[in-house]
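# Inside the fold
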Amino acid sequence: MAPLMNNPPMTLLSLNFPWRALLATLAAALVLAACGDPTPETSLASARVKLAANDFNAVVIEAKNALRQNPDLPEARYLLGQALVRSGDAAGGEAELSRALALGQPAERVDPVLAQSLLAQRKYQQVVSRYADVQPAQPAARASLKTTLAAAYFLLGEPDLAQAALAAALDADPANSLALMLQARTQAARGDVDLAMAGLDTLIAREPANAAAWKLKAELLSTGKGQAAAALAAYRKAAALTPGDIALQTDIVSLLLRQGQGDEAAQQIGPLKTLAPNHPRVRYLETLIAYNKKDFKQAQTLVQQLLVLAPADPDNLLLAGDIELALDAPAQAQSHLELALKGAPQSLLARRLLATAYLRTKQSAKAVAVLQPLLDGADATDGGTLALAAEAYRQSGDMKKAEALLAQASRLDPGNQRARTALALSHLASGGGGGGDAALAELRAIAASGADTTADLALIGTYSVRQAFEPALKAIDALEKKQPDQPLAANLRGRLLLARNDLVGARASFERALAITPGYFAAVDGLAAVDLAENKPQAARQRFDALLAKHPNNVQLLLALATLRAKSGATKDEVTALIQRAVAANPADQRPRLALVDFHLRNRDGALALAAARDALAALPNSPELLDALGRAQQATGDFNQAIASYNKLAALPSQSQSPLPQMRLAGAHLAAKDKPSAAASLRKALAIQPDLLDAQRGLITLAVDAKDYAAARDIARKVQQQRPAEVVGYLFEGEIAAGQKQWDKAFDAYQSGLKQVDSPDLARRAHAALGAAGNAAQRDRFAAGWLKDHPKDAVFRLYLGDVSAAQRDFVTAERLYTSVTVLQPKSGVAYNNLAWVSGQLKRNGATALAEKAIALAPDQPVFMDTLAQLLARDKQYAKALAWQGKAVALQPQNGMLRLSLARLQILAGNKDLARQELTTLAALGGQFRGQSEVARLLKTL
């Protein structure tokens, strides 16, 4: 979410604090407390006339003309300072007003304006410290200064002192326009918007040329009454009265953006960029326009320039943090947002965004801490805040607190579909709230109850994970009805159909997404995946090339093309060149640099990975992700001590103090260095940060079992069960611990306990295997029969039973089971491959056709190709068999068993030299390949 929409800089009734909007209004509404006799200089006389006409640019020119003749003219400094402050340059105005004061300009004249320049720069405490006891003699000057003082008190959270100062201002001058406008603000903040509007209308009737009053009316109309069109008209009236007021012009742009009129806003800001290209507010809105267009890279470039101009401005820092979150760089976002919150501690949005950054880096404790003031205050009734806090508690492992907060959010705002969705998902994960079926029913009800799509997406994700394809497709249909002009639903349908290997349907869905939004990258990527599945890598490449021709420096496209080229057999140098091109396209983007390191690591080029990581870290030294990449590269080259040092540096970064990742990396490095006690210590530190971190729990279980401390391993497994009662993983852990000790009865009991909590084919097959290992054949068969009866559509368990029967050489039973799986899942390549194999063992005529069907369903599976090759060889079709086996080896050149099969086929085909070549390659692997006895036997036959 963009800061402008929720926390507009210098606008009325900000959600974060109702008085922030006073800054621009008071700065723009400065009035002279007293008028001295004019100086004789013509330029100064002209400057006064221009100031009265609100032509601030002309005032600046005239005052500077006078100062060129005499730099020590106090009147010139004073007029220049006023013009700068009123045109939005508060810092420049402060400098000139301070010089005017030093040169002898009367404090009675300077103080009211200088105080407002400090206020506009958020130097609230300076205003209070400097002017709390100042009492100008002239009523107008006293009223002006007391009004500024009241605003500062409000912004410092001192409402009683603020009201006292405002009363003093109105007592000094009941007609003082600044005091009356502040009074209107206080009334609006209390909810008396109509009363505030009435007072403003009276003021405008008396002072129709008061631009500040028109501006305040615009703000009240916009945020207090929701009348955007009337607000825009009032803004334009104020702008016509003060054509040199840059801040006012930018307020118009802000309103247009809030109305969703991005194109008009861009047109409005065009002349401002020419008039004041380096004005911080102009730069801010230019950045915000890029953000609203979702051009986050351009927004990032612009906001970095903006931070050079105004590095401490909370609004700039807030926008910078939001942009980094949009670019999925939470660590960088965190650094900006922490400074933003320091500068604006009352900012609701700053706290929310910072909490979001903490949660993305798994710093749940920090997220809770930064949200706590909101939970303790008035915002405890805000559903969005409660939902975010709930996620923080969920991440920390406190599911009860998370669900309580979500329930509170739902009660406070029954129409808040996001909070209700989060609560349903929490019930789904924990098994609470009536169980999984009840939670799914709640999600369906939420999705059907309004236009919000959060629940629809949650339903689609849940069904997809469960491989419930038909309900998932229905949920996508419902989403599409809500968003008929958006490509998301069509793209999701394409992904789901692609997962089911329905290539025709997937292609049609992706093409529909592209018809809605031409150039939509996700759909282009999906179509490329379909091309690859159809063995058309050239077509996939052409898609990316066409899009890249229009966007030659698009990092995402370059990386996608590099991935595609790697999959389609390009050389390492070709892929590396594409990734390096992405690096050159945006040197400040860490994604291509990380991709280069990871590419070298995947290819086991440790030295190249290390060099790439060092270059990347030199270019972006503050990136935690690149420091992590350096550690991984060092570990890959066997330099465990240096890897441990890098991971320790990573763990020491403030942004990583509550992230378990550095500790997990350290655990892996310690294990690689065979230092198991240190590895265990790091895993425990990771769990101290995130108590439900499954990988850390799994690692500690492995170490405990290795040390034969089975009781400790079992305790961890049961802790996982408590944390994840509706998931299988904790019961699998406990069962595998018992199975490792050959305590099959205890293993079965663990799996059976899990089955009472969740209907899992995985638990069922392990329970069945445990009974078989225990020698309880009768109980095992009863268990299988009962499961099949209760789960007539469970293809997974049937596939497993088929594998068991095939291993026992009961090919007839295996054939029956595999056939039933193909009926339940007609697009299962595994089922057809296994059926083909057992059919071959039974010498069925259709075995080869079944193997070809498996490959048609899953074209890139080397194991399927191996099955087809063996069946073709059985029919003495050696040329075809060798072609398929050669493809299998090409896809998995490190798979020794595939090479061994290729050698056997070469022997059968009479190609002894080629067979010897393959066998010699396998023999060179030594102990790395366990089939050396068969290799030796076959070599003797040649």
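Provided above is the structure to which this section pertains.
Just so it is clear, the model here is predicted, and its values are computed rather than measured.

About the thresholds
Think of each chain on its own: its residues are numbered from 1, step by step along the sequence as written. Side-chain atom pairs in this predicted model are given and counted only at pLDDT of 80 or more, local residue features only at pLDDT of at least 70, and totals for whole chains, interfaces and linings cover all residues. Heavy atoms throughout the structure, all of them, feed into the side-chain values; hydrogens and water do not. Numbering of helices and strands starts at the N terminus; helices are DSSP runs of H or I of at least 4 residues and strands are runs of E of at least 2. Relative accessibility thresholds used throughout: buried, under 20% of the residue-type maximum; exposed, over 50%; partly exposed, between the two (1.4 Å probe, protein chains only). Helix span is expected to be 1.5 Å times the residue number reduced by one. When checking whether two residues touch, look at their non-hydrogen atoms; a contact exists if any pair is within 4.5 Å. We define a salt bridge as a contact between a side-chain nitrogen of Lys or Arg and a carboxyl oxygen of Asp or Glu at a distance within 4 Å. The angle between two axes is taken between their N-to-C directions and runs from 0 to 180 degrees, where each axis is a line fitted to C-alpha atoms and a helix contributes only its stretch in contact. Relative orientations are named as follows: roughly parallel for angles under 35 degrees, roughly antiparallel for angles over 145 degrees, roughly perpendicular for angles from 65 to 115 degrees, and oblique for any other angle. Left-handed describes a crossing whose near helix is turned anticlockwise from the far helix by less than a right angle; the clockwise case is right-handed. Each residue gets one of three labels, nonpolar for Ala, Val, Leu, Ile, Met, Phe, Trp, Tyr, Cys and Pro, charged for Asp, Glu, Lys and Arg, and polar for the others, Gly among them. In the analysis that follows, any N or O atom pair within 3.5 Å is treated as a polar contact, provided that within protein one partner can donate a hydrogen and the other can accept it, and provided that, for residues neighboring in sequence, both atoms belong to side chains. Two aromatic rings, drawn from Phe, Tyr or Trp (for Trp, its six-membered ring), form a pair once their centres lie within 6.5 Å of each other, and the interplanar angle then sorts them: stacked below 30 degrees, edge-to-face above 60, tilted otherwise. We call a charge positioned over a ring when the NZ of a Lys or the CZ of an Arg lies within 6 Å of the ring centre and within 35 degrees of the ring normal.

## Observations concerning the side chain of His-670
Positionally, His-670 belongs in helix H39 (residues 661–672). Note on His-670: relative accessible area 12%, which makes it buried.

## Let's talk about helix H49 (residues 829–841)
Here H49 contains 13 residues, and its C-alpha end-to-end distance of 19 Å stays within 8% of the 18 Å for a straight helix at 1.5 Å per residue. When you tally the buried positions in H49, you get ten out of 13 residues, the bulk of the element. Residues of H49 that are buried in the fold lie against helix H47 (795–807), helix H48 (811–824), helix H50 (847–857) and helix H51 (862–874). Where H49 ends, the next residue or the one after it, Lys-843, has phi of about 60°, a positive value.

## Regarding unusual backbone geometry
Within the chain, Asn-501 stands out as a residue other than glycine whose phi angle is a positive 65°. Along the chain, the position of Asn-501 falls in the loop between helix H29 (488–499) and helix H30 (503–516). Using a relative accessible area of 15% as the deciding quantity, one classes Asn-501 as buried. Positive phi is not limited to glycine here, since Lys-843 has a value of about 60°. One can find Lys-843 in the loop between H49 and H50.

## What to know about the pattern of salt bridges
Here the structure, examined in full by the defined rule, presents 38 salt bridges. Among the salt bridges present, the one from Lys-536 reaches Glu-534, with a minimum N-O distance of 3.3 Å. Relative accessible area serves as the criterion here: at 41%, Lys-536 is assigned to the partly exposed category. The exposure class of Glu-534 is partly exposed, given its relative accessible area of 26%. Connected through salt bridges with shared partners, the residues Arg-507, Asp-531, Glu-534, Lys-536 and Arg-543 form a single ionic network.

## A closer look at the packing of helix H33 (residues 555–567) against helix H35 (residues 590–602)
Viewed as axis vectors pointing N to C, H33 and H35 meet at an angle of 15°, and their least axial separation amounts to 10 Å. If you check the angle between H33 and H35, you find them roughly parallel. Remark: the crossing between H33 and H35 carries left-handed chirality. In this structure, H33 uses Val-555, Leu-559 and Ala-566 to contact H35, whose residues at the interface are Arg-591, Pro-592, Ala-595 and Phe-599. Tallied by class, the residues present in the contact of H33 with H35 amount to six nonpolar, no polar and one charged.

## What about helix H17 (residues 280–292)?
Over its 13 residues, H17 runs 18 Å from end to end, which matches the ideal 18 Å to within 8%, given 1.5 Å per residue. Of all the positions in H17, only Arg-281, Val-282, Arg-283, Tyr-284, Leu-285, Glu-286, Thr-287, Leu-288, Ile-289, Ala-290 and Tyr-291 are classed as buried. Positive phi appears at Lys-294, one or two residues downstream of H17, with a value of about 65°.

## Focus: the environment of Ser-46
Along the chain, Ser-46 falls in helix H3 (residues 42–52). Separated by twelve residues in the primary sequence, Ser-46 and Ala-58 place their C-alpha atoms 8.8 Å from one another. A distance of 3.0 Å separates polar atoms of two side chains, one belonging to Ser-46 and the other to Glu-62.

## So, the packing of aromatic side chains
Enumeration over the complete set of coordinates arrives at eight aromatic pairs. For the pair Phe-797 and Tyr-800, a centre-to-centre distance of 5.7 Å together with 45° between the ring planes defines the contact as tilted. Of this pair, Phe-797 and Tyr-800 are both found in helix H47, three residues apart, which corresponds to roughly one turn of the helix. Residue Phe-797 is classed as buried on the basis of its relative accessible area of 0%. According to the relative accessible area criterion, Tyr-800 is buried, its value standing at 13%. Looking at Lys-853, its charged tip hangs above the ring of Tyr-832, at a distance of 5.7 Å from the centre. Here the guanidinium or amino end of Lys-887 rests over the ring plane of Trp-884, the centre of that ring lying 4.4 Å away.

## Details of the packing of H51 against helix H53 (residues 896–908)
Where H51 meets H53, the closest approach of the two axes is 11 Å, and the angle between their N-to-C directions is 20°. Between H51 and H53, the crossing angle belongs to the class labelled roughly parallel. The chirality of how H51 crosses H53 is left-handed. Contacts between H51 and H53 involve Pro-862, Asp-866, Ala-869, Gln-870 and Ala-873 on the former and, on the latter, Leu-898, Ser-901 and Leu-905. Across the contact of H51 with H53, the residue classes break down as five nonpolar, two polar and one charged.

## As for the environment of Pro-484
Here Pro-484 shows up in the loop between helix H28 (469–482) and H29. A sequence separation of 32 residues divides Pro-484 from Ile-516, and the C-alpha atoms of the two residues are 8.9 Å apart. In this structure Pro-484 touches Arg-512 and Ile-516, once residues within four positions along its chain are discounted.

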